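Listed below, chain by chain, are the residues.
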Amino acid sequence: MKIAISFLLGLIFILLFYKNLWCYAKIKGREFKISAKYGKDSFQLKKFKSKFSTFKCSKIVRFVLLLLFITPTYLIGGKEGLGAFIGAVIVGNLTLFFWGVLKNFQR
């Protein structure tokens, strides 16, 4: 039961990690488009940066998210729980990879 909970925590972590990464990429992509269109010191870019901060989607938040999930996993399952967590991270990454490949072949 402890290993199953650790595996589930790993899958939830991967989901939240990539959701956070997608948020960061979306904001940065919009920043690049605005800076290419209006310039790096433009009013539109400054307004966009003040409205949409990348702090909620930064590397620090993703690292805190990792610590937030790894700590209870270790406390619940010990070393076996961490193994299940890492296994879930690998399975989640491979699932997303193959889903992305299949999605591109369908186009």
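Residues numbered from 1 in each chain as written. Predicted model: local features only at pLDDT ≥ 70, side-chain atom pairs only at ≥ 80, totals over all residues. Heavy atoms only, no water.

**Considering the packing of aromatic side chains**
Part 1: Counted according to the given criterion, the structure contains six aromatic pairs.
Part 2: Ring plane angle 40° and centroid distance 5.6 Å describe the contact between Phe13 and Phe85, whose orientation is recorded as tilted. Here Phe85 lies in helix H3 (residues 59–105) and Phe13 lies in helix H1 (residues 2–38), a separation of 72 residues in the sequence.
Part 3: Owing to a relative accessible area of 6%, Phe13 belongs among the buried residues under this scheme.
Part 4: Relative accessible area serves as the criterion here: at 3%, Phe85 is assigned to the buried category.
Part 5: Where Phe48 meets Phe52, the ring centres are 5.0 Å apart and the plane angle is 40°; that geometry is what we call tilted.
Part 6: Note on Phe48: relative accessible area 13%, which makes it buried.
Part 7: The exposure class assigned to Phe52 is partly exposed, which follows from its relative accessible area of 38%.
Part 8: Clustering of aromatic rings is evident, with ring pairs tying together Phe13, Phe17, Tyr18, Phe69 and Phe85.
Part 9: The ring of Phe17 is capped by Arg62, whose NZ or CZ atom sits 5.9 Å from the centre of that ring. (Phe/Tyr/Trp six-rings, centres within 6.5 Å; stacked < 30°, edge-to-face > 60°. Helix = DSSP H or I, 4+ residues; strand = E, 2+ residues; numbered from the N terminus. Buried < 20%, exposed > 50% of the residue type's maximum accessible area, 1.4 Å probe, protein only. Lys NZ or Arg CZ within 6 Å of the ring centre and 35° of its normal.)

**A word on the state of the cysteines**
Part 1: Using the criterion set out here, one finds one disulfide in the structure.
Part 2: Across the disulfide, Cys23 is cross-linked to Cys57 (sulfur-sulfur distance 2.0 Å). Taking the sign of the torsion about the S-S bond as the criterion, the disulfide between Cys23 and Cys57, at about 45°, is right-handed. Highlighted residues: Cys23 in helix H1 and Cys57 in the loop between helix H2 (43–51) and H3, separated in sequence by 34 residues.
Part 3: Judged by its relative accessible area of 24%, Cys23 falls in the partly exposed class.
Part 4: Given the relative accessible area of 5%, Cys57 is considered buried. (Disulfide = S-S within 2.5 Å.)

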